[in-house]
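Per-entry structural report
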Amino acid sequence: MEDKKAFMREAIKLSLDNMRAGNGGPFGAVIVKDGKIIARGFNKVTSTNDPTAHAEVVAIREACKALGSFQLDGCEIYTSCEPCPMCLGAIYWARPDKMYYANTKVDAANIGFDDQFIYEEIELDLDKRKLPTEQLLQEEAIEAFKEWQSKTDKIEY
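So, here's what we can say about the structure. Residue positions are given per chain, counted from 1 along the sequence in the order it is written. Reporting in this predicted model follows two pLDDT cut-offs: at least 70 for local features of residues, and 80 or more for side-chain atom pairs to be given and counted; totals over whole chains, interfaces and linings ignore these cut-offs and use all residues. Think of the side-chain values as coming from all heavy atoms in the structure, minus any hydrogens and water.

Quick notes on the overall build of the chain
For clarity, the cut-off: Strands here are runs of E lasting at least two residues and helices are runs of H or I lasting at least four, both read from the DSSP assignment and numbered beginning at the N terminus. Burial status follows relative accessibility: with a 1.4 Å probe on protein chains alone, a residue under 20% of its type maximum counts as buried, one over 50% as exposed, and anything between as partly exposed. We call two residues in contact when some of their heavy atoms are within 4.5 Å. Under the convention used here, a 1.4 Å probe and the Shrake-Rupley method define accessible areas, while residue burial counts only the protein chains that appear. His is not counted, nor are the chain ends; Lys and Arg add positive charge and Asp and Glu add negative charge. By convention, the charge on Lys lies at NZ, on Arg at CZ, on Asp at CG and on Glu at CD.
Tallying secondary structure elements over the chain gives seven helices and four strands in all. In sequence order, the secondary structure elements of the chain are arranged as α-β-β-α-α-β-α-β-α-α-α. Classification of the 157 residues of the chain by burial places 28% in the buried group. When contacts within the chain are restricted to residue pairs at least 6 apart in sequence, those whose partners lie at least 24 apart make up 48%. As displayed, the chain has an accessible area near 10,600 Å², and 54% of this comes from carbon and sulfur atoms. Looking at charge distribution, the chain has the averaged site of its 20 positive side-chain charges lying 7 Å from that of its 27 negative ones.

As for the layout of surface pockets
Rule in force here: Grid points spaced at 1 Å and placed over the protein atoms alone form the basis of the search, with a cavity being a set where a 1.4 Å probe fits but cannot get out and a pocket an open set showing protein on both sides within 12 Å along at least five of seven lines. Lining residues have an atom within 4 Å of a point. Grid points are joined across faces, edges and corners, and a volume is the space filled by probe spheres set on the points. Only Asp, Glu, Lys and Arg are considered charged in this grouping, and only Ala, Val, Leu, Ile, Met, Phe, Trp, Tyr, Cys and Pro are considered nonpolar; every other residue, Gly among them, is considered polar.
Roughly 260 Å³ of internal volume is contained in the largest pocket. The set of elements that each furnish at least two residues to the lining of the largest pocket consists of helix 2 (45–48) and helix 3 (55–67). A class-by-class count of the residues in the lining of the largest pocket yields nine nonpolar, five polar and three charged.

With respect to helix 3
Residues that lie three or four places apart on an α-helix share one face, since the helix turns once every 3.6 residues. Spelled out, the test is: A helix is expected to span 1.5 Å multiplied by its residue count minus one.
Across its 13 residues, helix 3 extends 18 Å between first and last C-alpha, which sits within 8% of the 18 Å expected from 1.5 Å per residue. Among all positions of helix 3, only A55, E56, V57, V58, A59, I60, A63 and C64 are buried. Structurally, helix 3 contributes buried residues whose contacts are with strand 1 (28–33), strand 2 (36–42), strand 3 (75–81) and helix 4 (85–94). Looking at the residues trailing helix 3, positive phi occurs at G68, about 65°.

Below you can see the structure in the form of structure tokens.
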């Protein structure tokens, strides 16, 4: 249990140090494998002008690079806050063994990081969402899917 707390403290420290340095929002994450931190991430949205540069996504990218893999088998992720929908999706795609978080999404909403609208939008029919959405050229795009389906040398993920 002490190791888990130490890893979470590192994620929290990243959130504080990053925020204090003016690099982005107060979020940090670490990825651990075999009892060692293999990647660290902190929110870089405003410092990199990248809306996807959330702490968890940054940490996942670094961990995958370090492991030479697109999956985090045998890893755990520690994040200073319950992940937003984008990060939660990325975490599921990366497939770590377990996730730990400190602050909740309600705590985040209380300081202006309210992702609830995204969860609600996902549940709506496309024509009811705030982001106007229109499908185009599905007949042409389906070719890539047909080729993928019959491709014999593909790497499944």
